[in-house]
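Structural features, examined
Next come the chains, spelled out residue by residue.
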Amino acid sequence: MKFLDQAKVYVRSGDGGAGSVSFRREKYIEYGGPDGGDGGRGGDVWVECVEGLNTLIDYRYQQHFKAKTGGHGMGKNRTGAKGPDITLKVPVGTEILEEDNETLIADMTEVGQRLLLLRGGNGGFGNAHFKTSVNQAPRRANPGLEGQEKWLWLRLKLIADAGLVGLPNAGKSTFLAAVSQAKPKIADYPFTTLHPNLGVAGVDGHEFVIADIPGLIEGAHEGVGIGDRFLGHVERTRVLLHLIDSTQDDPAEAYRVVRGELEAYGGGLEDKLEIVALSKIDALDAETRKETLKALSEATGTKPILLSAASGEGMTEALRMVRRAIETLDREAEDDLPRAEEEGWHP
């Protein structure tokens, strides 16, 4: 299945059905009178958040979605049927935006969440609706109202507990493959990862979701390399695991570059809880490892984790730190809840 995190679609609700012009004609009934029924309402356009999806690829092959017209009114005061609705099914984490790709309409974050995007047009009145004391045989009926239409953007932001960030070839995909059943592409050249990957990792009986996004380089927020397009996927993560390749010339500078891109992007990424890890340490001797760790500690202000996905060193420790960070955020959220309820706010 190909990954697609953004799609533009055209949606249109159904037109209302036309009213009917009809008169009752039965034997032995001298004055039957008008009996034209009203038209039915046109179909609505809905969007629904469903499980089992993690891409918007379906909207690459079909971009136009039109609801059906309501049924037309008929004689004997029969009202037309309502037109069938259409429902756009999207994965959890999908944002619905206006055509300008900036104005947010809705954020679909829970399975089963539904939103009415466009309401179908009202059905037209039949001639029975226009009968009065001075016009007992009206010969007119209303057409149905036209449906609404618009272009929309669908933008997917994956929801995960932890996000992997770093320069290209920092070992993010290798880390994800080592701790989960995910099968990301792994190779010894930059930008091997061209779209985000999700994996479920477990440690000490606890499981959490990890998102691996394509590598960042200096100037990514200005479109350099793959750009910052995929940084939206770590906006929803709660913890960042920042991997730094220990075999490169200046790991401290690599850290500064990625931090600079996170701050330039915004979206709250610069304020997220961050765990720094020095990867590929199996390739270093003891002395080089010590010097690299010292330089990175001075740059980050914390003591980085040493890990190697190839040898397994430090992997369990890294997962435990991520789990503890998630639990800390959970406790903070629980502590804030009573205070919020006292102030009349409910999540």
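Residues numbered from 1 in each chain as written. Predicted model: local features only at pLDDT ≥ 70, side-chain atom pairs only at ≥ 80, totals over all residues. Heavy atoms only, no water.

Quick notes on the packing of aromatic side chains
Aromatic ring pairs: the centre-centre distance and the angle between the two ring planes describe each pair. In plain terms, the rule: The pairing test for Phe, Tyr and Trp rings, Trp by its six-membered ring, is centres within 6.5 Å, and the orientation test on the planes gives stacked under 30 degrees, edge-to-face over 60, and tilted for anything in between. Charge over a ring is defined by NZ of Lys or CZ of Arg lying within 6 Å of the ring centre and within 35 degrees of the ring normal.
Taken as a whole and assessed by the stated rule, the structure comprises 3 aromatic pairs. Lying over the aromatic face of Trp-46, Arg-114 brings its terminal NZ or CZ to 4.3 Å of the ring centre.

With respect to the pairing of strand 8 (residues 149-156)
To keep things clear, this is the line we draw: Strands were regarded as paired on the criterion that DSSP finds at least two bridges between them. Under the scheme used here, helices are H or I runs from DSSP no shorter than 4 residues and strands are E runs no shorter than 2 residues, and both carry numbers assigned from the N terminus.
As defined by bridge partners, strand 1 (residues 6-12) adjoins strand 8 across 7 bridges and the pair is classed as antiparallel. Bridging from a neighbouring strand, Lys-8 pairs with Trp-153 of strand 8. In this sheet, strand 8 lies alongside strand 5 (residues 94-97) in antiparallel orientation, the contact comprising 4 bridges. Across the sheet, the residue bridging to Leu-97 is Trp-153, located in strand 8.

Quick look at the pattern of salt bridges
Test applied: When a carboxyl oxygen of Asp or Glu is within 4 Å of a side-chain nitrogen of Lys or Arg, the pair counts as a salt bridge. With a 1.4 Å probe rolled over the protein chains alone, any residue whose accessible area is under 20% of its type maximum counts as buried; one over 50% counts as exposed, and the rest are partly exposed.
Under the criterion given, the structure shown has 21 salt bridges. The shortest N-O distance in the salt bridge between Lys-8 and Glu-99 comes to 3.8 Å. Note that Lys-8 is positioned in strand 1 and Glu-99 in the loop between strand 5 and strand 6 (104-108), a separation of 91 residues in sequence. Taking the relative accessible area as the measure of exposure, Lys-8 reaches 30% and is therefore partly exposed. On the basis of relative accessibility, which here comes to 46%, the residue Glu-99 falls in the partly exposed class.

Focus on the sheet that holds strand 2 (residues 45-49)
Formally: Axes, fitted as lines to C-alpha atoms, cover a helix only where it is in contact. Angles between the N-to-C directions of the axes lie from 0 to 180 degrees.
Pairing within the open sheet is mixed, and its 3 strands lie in the order 4-2-7. A strand with exactly one partner marks an edge of an open sheet, and here the two such strands are strand 4 (86-90) and strand 7 (114-118). For this sheet the average axis-to-axis angle between neighbouring strands, irrespective of direction, equals 25 degrees.

What about the sheet that holds strand 13 (residues 273-279)?
What counts is decided by this rule: We call two residues in contact whenever any of their non-hydrogen atoms come within 4.5 Å of each other.
Spatially, 10-11-9-12-13-14 is the arrangement adopted by the 6 strands of the open sheet, whose pairing is mixed. Where the open sheet ends on each side, the last strands, each with one partner, are strand 10 (197-203) and strand 14 (305-306). Strands strand 12 (239-245), strand 13 and strand 14 of the sheet are contacted by helix 4 (residues 286-300), whose axis makes an angle of about 160 degrees with strand 13.

Quick look at the nonpolar core
For clarity, the threshold we go by: Nine residue types can take part in a nonpolar core, namely buried Ala, Val, Leu, Ile, Met, Phe, Trp, Tyr and Cys, and a core is a set of them joined through side-chain atoms within 4.5 Å.
Judged by nonpolar contacts, the single largest core of 26 residues is most densely connected at Val-9, Val-11, Val-45, Tyr-59, Leu-88 and Ile-96. Secondary structure elements with two or more residues in this core: strand 1, strand 2, strand 4, strand 6, strand 7 and strand 8. Beyond its immediate stretch of four places on either side in the chain, Val-9 contacts Tyr-59, Gln-63, Phe-65, Leu-88, Lys-150, Trp-151, Leu-152 and Leu-154. The next biggest cluster of nonpolar side chains, apart from the first, holds 24 residues, and it includes Ala-201, Leu-307, Leu-319 and Val-322.

Regarding the pairing of strand 4
Alternating residues of strand 4 divide into Ile-86, Leu-88 and Val-90, all buried, and Thr-87 and Lys-89, none buried. In the sheet, strand 2 pairs with strand 4 via 5 bridges, with the strands oriented parallel. Bridge pairing links Trp-46 to Thr-87 in strand 4.

Re the side chain of Ser-279
Along the chain, Ser-279 falls in strand 13. The exposure class of Ser-279 is buried, given its relative accessible area of 3%. When neighbours within four sequence positions are excluded, Ser-279 is seen to be in contact with Ala-170, Ile-244, Asp-245, Ser-246 and Leu-307.

Overview of helix 4
Let me state the cut-off plainly: To estimate the expected span of a helix, subtract one from its residue number and multiply by 1.5 Å.
The first and last C-alpha atoms of helix 4 sit 21 Å apart over 15 residues, in line with the 21 Å expected at 1.5 Å per residue. Positive phi shows up at Gly-301, right after helix 4, with a value of about 80 degrees.

Let's talk about the side chain of Thr-55
Note the threshold: Pairs of N or O atoms are called polar contacts if they sit within 3.5 Å, as long as, within protein, a hydrogen donor faces a hydrogen acceptor (for residues adjacent in sequence, only side-chain-to-side-chain pairs).
With respect to the helices, strands and loops of the structure, Thr-55 is situated in the loop between strand 2 and helix 1 (58-61). Within polar-contact distance, the side chain of Thr-55 engages the backbone nitrogen of Leu-4 at 2.9 Å. Within the structure, Thr-55 has its side chain in polar contact with the backbone nitrogen of Ile-57 (distance 3.2 Å).

Considering the packing of helix 3 (residues 251-265) against helix 4
How we decide: Working definition: roughly parallel below 35 degrees, roughly antiparallel above 145 degrees, roughly perpendicular at 65 to 115 degrees, and oblique for all remaining angles. Handedness of a crossing is defined here by the sense of rotation of the near helix relative to the far one, left-handed for an anticlockwise turn of less than a right angle and right-handed for a clockwise turn. Ten residues, namely Ala, Val, Leu, Ile, Met, Phe, Trp, Tyr, Cys and Pro, are considered nonpolar, four, namely Asp, Glu, Lys and Arg, are considered charged, and the remaining ones, Gly among them, are considered polar.
Contact pair helix 3 / helix 4: the axes reach a minimum separation of 8 Å and the direction vectors enclose 30 degrees. Judged on the interaxial angle alone, helix 4 and helix 3 are roughly parallel. By crossing handedness, the relation of helix 3 to helix 4 is classed as right-handed. In this structure, helix 3 uses Pro-251, Ala-252, Tyr-255 and Arg-256 to contact helix 4, whose residues at the interface are Thr-292, Ala-295, Leu-296, Ala-299 and Thr-300. Class assignment for the residues of the contact of helix 3 with helix 4 results in 6 nonpolar, 2 polar and 1 charged.

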